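Now for the letters of each chain:
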Amino acid sequence: MSEIDRKIVLAGKLETIGNPLRKVFTKEGWKVFEFHGAEDAEREIHLYNVAHMVFVMDESMAGDGSLGFEKLITAMDAAEVNGIRYFCFVAEEYGTDKRHMERLQMAERLVGIWASRSGIAASVLHMPEILGVEADGPAAVSIYTAADIRKDVLPDGLPTDVLHVDDAAYGVYRVVSRSYVGDLSFRIQGNTSGEIGFSRKYDVRRTYELFARYSAERAEQRLNEKRGVKRRKISDALKKELVPYIENAAGAILMVGVAYLQGGNPVNHATAFDMNYLYIATMGLLYGKRQALIAMVFSTIILLWSLIASGSNLIALLYMPSELLHITSYLFAAVLIGFFADGRSYERESALWRHNEDRARIEDMRHLYDQNAEIKDGLYHRIVNSNDSIGRIYSIVKKLDSVSVENVFTQAAVVASLILDVRNIAVYVMGSEQHYLRQKVHMGEIAEKAPRSLSVKGTSYLADVVQKKEIYVNRELVKDVPDLAAPVVWNGDVIAVVEVFGMDFSQWSIDQMNLLSITTRLIAASMGRAYQYEAEAAGRRYIGGTRVMREDEFRRILSELSERRRLAGGFNMSMLRVDMDGMNVDSFDERCGTLVRSEDFIGEMSGDIYILLPDADDEITRMVQQRLSYAGIKTEAVEVAA
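Residues numbered from 1 in each chain as written. Predicted model: local features only at pLDDT ≥ 70, side-chain atom pairs only at ≥ 80, totals over all residues. Heavy atoms only, no water.

Undergrad: Can you walk me through the overall build of the chain in this structure?
TA: Counting its regular elements, the chain contains 20 helices and 22 strands. Looking at the chain as a whole, 43% of its 642 residues qualify as buried. Counting only contacts in the chain whose residues sit at least 6 apart along the sequence, the fraction spanning at least 24 positions is 66%. With an accessible surface of roughly 35300 Å², the chain has 54% of that area assigned to carbon and sulfur atoms. (Helix = DSSP H or I, 4+ residues; strand = E, 2+ residues; numbered from the N terminus. Buried < 20%, exposed > 50% of the residue type's maximum accessible area, 1.4 Å probe, protein only. Contact = heavy atoms within 4.5 Å. Areas by Shrake-Rupley, 256 points an atom, 1.4 Å probe, with all protein chains shown as cover.)

Undergrad: Can you help me understand the sheet that holds strand E15 (residues 472-473) in this one?
TA: Consider a sheet: its strands pair through backbone hydrogen bonds, and that pairing is either parallel or antiparallel. The six strands are arranged E14-E13-E12-E17-E16-E15 in an open sheet whose pairing can be described as antiparallel. Pairing within the sheet leaves two strands with one partner each, and these edge strands are strand E14 (453-455) and E15. Where strand E12 (residues 424-430) lies against strand E13 (residues 436-443), six bridges are found, and the strand directions are antiparallel. In the sheet register, Val429 faces E13, and the bridge partner there is Arg438. (Pairing = 2+ DSSP bridges.)

Undergrad: What is the right way to look at the pattern of salt bridges in this model?
TA: Side-chain pairs of opposite charge can arise whenever the charged atoms involved come near each other. On inspection of all chains with the given rule, the structure shows seven salt bridges. The salt bridge partner of Arg361 is Asp358, with a shortest N-O separation of 3.1 Å. A residue pair is termed a helical-turn pair when its members lie 3 or 4 positions apart in one helix, as Arg361 and Asp358 do in helix H11 (residues 321-385) at three residues. Note that Arg556 is salt-bridged to Glu553, the shortest N-O span being 2.4 Å. Here the residue Arg556 and the residue Glu553 both occupy positions in helix H18 (residues 551-568), the gap between them amounting to three residues, near one helical turn. Assessed through its relative accessible area of 25%, Arg556 is described here as partly exposed. Taking the relative accessible area as the measure of exposure, Glu553 reaches 13% and is therefore buried. (Salt bridge = Lys/Arg side-chain N within 4 Å of Asp/Glu carboxyl O.)

Undergrad: Explain the sheet that holds strand E19 (residues 573-578) to me, please; I cannot follow it from the model alone.
TA: With respect to topology, five strands assemble into an open sheet ordered E18-E20-E21-E19-E22, the strand pairing being mixed. Of all strands in the sheet, those with a lone pairing partner are strand E18 (548-549) and strand E22 (635-638), marking the two edges. Alignment of strand E20 (residues 601-605) against strand E21 (residues 608-614), held across five bridges, turns out to be antiparallel. For Glu604, the partnering residue across the bridge sits in E21 and is Ile609. Helix H20 (residues 618-630) contacts E19, E21 and E22 of the sheet and is inclined by roughly 25° relative to E19. (Axes fitted to C-alpha atoms, helices over the stretch in contact; angles between N-to-C directions.)

Undergrad: Just to check I follow, could you spell out unusual backbone geometry for this structure?
TA: Negative phi is the rule for most residues except glycine; trans is the rule for most peptide bonds. Of note in the backbone geometry, Asn491 takes a positive phi value of approximately 55° without being a glycine. Structurally, Asn491 can be placed in the loop between strand E16 (484-490) and strand E17 (493-501). With relative accessibility at 65%, the residue Asn491 sits in the exposed group. The phi angle at Ser606 is positive, at roughly 55°, despite the residue not being glycine. Within the element layout of this structure, Ser606 appears in the loop between E20 and E21.

Undergrad: For this particular structure, what's the right way to read the pairing of E20?
TA: Residues in a regular strand point their side chains to alternate faces of the sheet. E20 sits mainly inside the fold: four of its five residues count as buried. In terms of strand pairing, E18 meets E20 through two bridges, oriented parallel. Within E20, the position partnered with Val548 by the bridge is Ile602. Between E20 and the antiparallel strand that follows it, E21, lie two residues; Ser606 among them carries a positive phi value of about 55°.

Undergrad: How should I be thinking about a nonpolar patch on the surface in this particular structure?
TA: Taken together, the side chains of Ile234, Leu238, Leu242 and Ile246 define a hydrophobic patch exposed on the protein surface, amounting to about 390 Å² of accessible area. Mapped onto the elements of the fold, Leu242 is located in helix H7 (residues 204-261). Since its relative accessible area comes to 44%, Leu242 is described here as partly exposed. (Patch = residues over 30% accessible without salt bridge, like charges linked within 9 Å, V, L, I, M, F, W, Y side chains within 5 Å.)

Undergrad: I tried to follow the nonpolar core on my own but got confused; where do I start?
TA: Side chains that are nonpolar tend, in soluble globular proteins, to be buried together. Membership of the largest hydrophobic core comes to 32 residues, with the highest contact counts inside it found for Ile425, Val427, Val488, Val498, Val500 and Met527. Contributions of two or more residues to this core are made by helix H13 (405-420), E12, E13, E16, E17 and helix H16 (510-536). Top contributing element to this core by residue count: H13, with 10 residues. Here Ile425 is in contact with Ala413, Ala416, Ser417, Val441, His442, Met443, Ala447, Val498, Glu499 and Val500, once residues within four sequence places are set aside. Residues Phe35, Met76, Leu104 and Ala122 belong to the second largest nonpolar core, which totals 26 residues. (Core = buried A, V, L, I, M, F, W, Y, C linked by side-chain atoms within 4.5 Å.)

Undergrad: What is the right way to look at helix H19 (residues 585-592) in this model?
TA: One full turn of an α-helix is made of 3.6 residues, so residues set three or four places apart face in the same direction. Those residues of H19 not exposed but buried are Phe588, Asp589 and Cys592. The arc that holds the buried residues of H19, viewed along the axis, is 100°, so those residues lie on one side. Seen from the buried face of H19, the exposed residues on the opposite side, beyond 90 degrees, are Asp586 and Glu590. Tucked inside the fold, the buried residues of H19 contact E18, E19, E20, E21 and H20. Of the residues one or two after H19, Gly593 is the one with positive phi, at around 45°. (Arc of directions from axis to C-beta.)

Undergrad: It is not clear to me how the packing of aromatic side chains should be interpreted in this structure. Could you clarify?
TA: The relation between two aromatic rings is expressed through the spacing of the ring centres and the mutual angle of the planes. Summed over all chains, the structure comprises 10 aromatic pairs. For the ring pair Phe25 and Tyr173, a centre distance of 5.3 Å and an interplane angle of 75° mean the geometry is edge-to-face. Remark: Tyr173 occurs in helix H6 (residues 165-177) and Phe25 occurs in helix H1 (residues 14-27); sequence separation between them is 148 residues. The same class applies to Phe25 and to Tyr173, which are both buried. Between Phe55 and Phe89, the aromatic rings sit 6.1 Å apart at their centres with planes inclined by 15°, giving stacked as the arrangement. (Phe/Tyr/Trp six-rings, centres within 6.5 Å; stacked < 30°, edge-to-face > 60°.)

Undergrad: Quick question: what am I supposed to make of the side chain of Asp600 here?
TA: Inspection of the secondary structure puts Asp600 in the loop between H19 and E20. Not counting residues within four places of it along the chain, the set of residues in contact with Asp600 comprises Arg547, Leu612, Leu613 and Pro614.

Undergrad: Hey, could you run me through the confidence of the model for the chain in this one?
TA: Any segment with low pLDDT has predicted coordinates that should not be analysed in fine detail. A residue-level look at the chain finds 77% of positions with pLDDT of 70 or above and a mean pLDDT of 76. Element-level pLDDT for the chain is lowest in strand E11 (residues 192-193), with a mean of 40, against a maximum mean of 90 in strand E3 (residues 52-56). Here residues 135-140 is modelled with pLDDT under 50, and outside its nearest four sequence neighbours on either side it reaches 19 contacts, counting other chains as well. Note on residues 152-160: pLDDT under 50 across the span, and 14 contacts to partners over four residues away in sequence or across chains. (pLDDT = per-residue confidence, 0-100.)

Below you can see the structure in the form of C-alpha cells.
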C-alpha cells in the first residue's frame, strides 16, 4: 500500500468515535487528518494526496436534518474536488426512532447517488448504539443511553445490538482498509459480528456501569469546581478592593507611632520635616488620588490630635493661619501626587491596551498568514495535479528538455499524448524540399496504421497545415484522416506535423485545440534548440568530415531509438554491421554516398562500423543491403541491442 493509500480524512461527528478512530488508524501506520466543514473546504487543507475519507453521521440529521445534511454534502463535494478515491459513510442507529431512520435512509440514498455520479468507491456502514469509556472520560454514548444515565436509572436490559466504541472503530478500519463497497451492516450476535468478521472484545454491560458511575462522579466534580471558582473570584475581588484600604489604615497607624516617638508631633524636630507628607506621597504613588486623599484625612486627624495634645484648642486652631496652611498643604500634596500617579496609571493602562490590541492584530495577521499558507499549499497541489493546469503541463513538457533531435521527436509524442489525454499520436518530420512528410514516431494502435510518408500536395488536409500553418480539425469525420493535425513551426517554416487519432467525443473542444497549439509551440522551441546544438556540435559528433558518428554519440542515438521502440510498440529497427576489409572510414563514407537514407545513422561501436535503420522492416533492410553490395560494401544484419 502506497503512502497516499495510508492517508485518511475524518469528517462529521468526531466527538463520538473520532478519538478511537484516530488511535486505531495511527496504530496501523496511517496518517490521519480531520475535516471540519465549509471553512476547511474553502482552505482546501489536508485533502490533497489523500485516498480515503470517513464521514460519521451527525446526530443533527435526526432533527430537521438540514445542518447534518449540509455537513455531509460539504464533505462529499470536498472529497470529489480533491480526488478522494474511497468514501465511507458511518451511520449510528439511535434506537428505533422512526424519524431518525427516515433521515438515515435519505442520507444513504444521497451517498449512493453521489458515488455513482462521481465514480468514487463508497460504502455505507450501519452501526448499532455505540458505548464506551476511556481513561480521560466518555468516548461515545448514544443519545438514548445517555438519557438513561442522566436519570441515574440503569435499564432492565441493554438493547440487543450495543457496540463498544473501540470495537466500532476497529470495524470502520477493517471496512476502509479493505475498501468494501456497498451497504454493510455491523451486527453483533453473541460473541461474533456479522459481515465485518471479528469477535467482540469489550464487555458492553460493564462499560455501561462504569460510564454511569463516572457520569455521577464527573457531575459532582464539575459542581465542586464551579463552587471553588466562584469562591476564588469573590476572594480575588475582595482582595483587590480591600488591600489598598488596609494598607492605608496600616500607614495611618504607623504615622501615629512615629508621632508618638517624636514627642506627639508628626513633624521631626531635627529636620523640621512632616512625616505625614511621606505617608501621603506613598499612598498616592501606589494607589492614586483616592488613597492619597484618604491618607490626607488621616494625616489631618494625626496633626490635629498632636496639636490638641500639646495644649491647643480646636476652635482656636481655626484662627491660626499657619496650621490651616499646613492642613491645606496636605490636601495640595494629595491632589498633586494623586493626579500624577493616576496619569501614569492611565498611561500604563493605555499602553497595555495598545499592546494587547497590537498583539491581537499580530495574532490575526499570523492567523491570516497561516490560512494563506494553507490555501497556497492546497492550490499548489491542486494546480500540479489538475488535468489541464499550467503546473501539470510544465511537469510534462520538462520531458522536452533535450538537445538530441531524436529524443525530442520521441518525447514530442509522449508530451502530446499526456497533455491532450489521447493514446494515438503520430509525429511527421518535413523533408528538406518541403514536399514530403516522413513519420518519425507513433504511439497507439490507430497511429501505427497511419502512412509512413505523406505528400504535402497529395494530401488535402495538409494544405492548410503546411501552407497556412493552421490546425486542421476533422469536423466532417473523414475516414483515414487524423482528428487533429497541427504544424510545428520553427523560424517561419513547418519542420514537423503532430497528428492525433481516435479522440473521444468529449475531447472535441476549443480547449483541446488550444492545448494542441501550445504543445506544438513548445515542441518547436525544443526542436529548434536541438537542431542548433547538433549543428554546432557536428565536429564533435562525427569522425572527420564523414557521416560516421563517434561511438558515444552512436550509442546515445541507439538508446533513444530503443526508448522510442518501447513507447511506440510497432516501431521497427534494423542494424547492419559493415565489413571494412580494404576500406577505411573515409573511403567507406565516399562509397556509401546516397545509398543510405537521410534518416539512417552510421556509427562506430566496439571497433566496428554499423548502419542503424530506424522504422525499417526485413524487406527494407534487404533492399539497403542489396544497394550497398552494388557499391562493394558487404554488410551483415545483427540484432539491435535494447
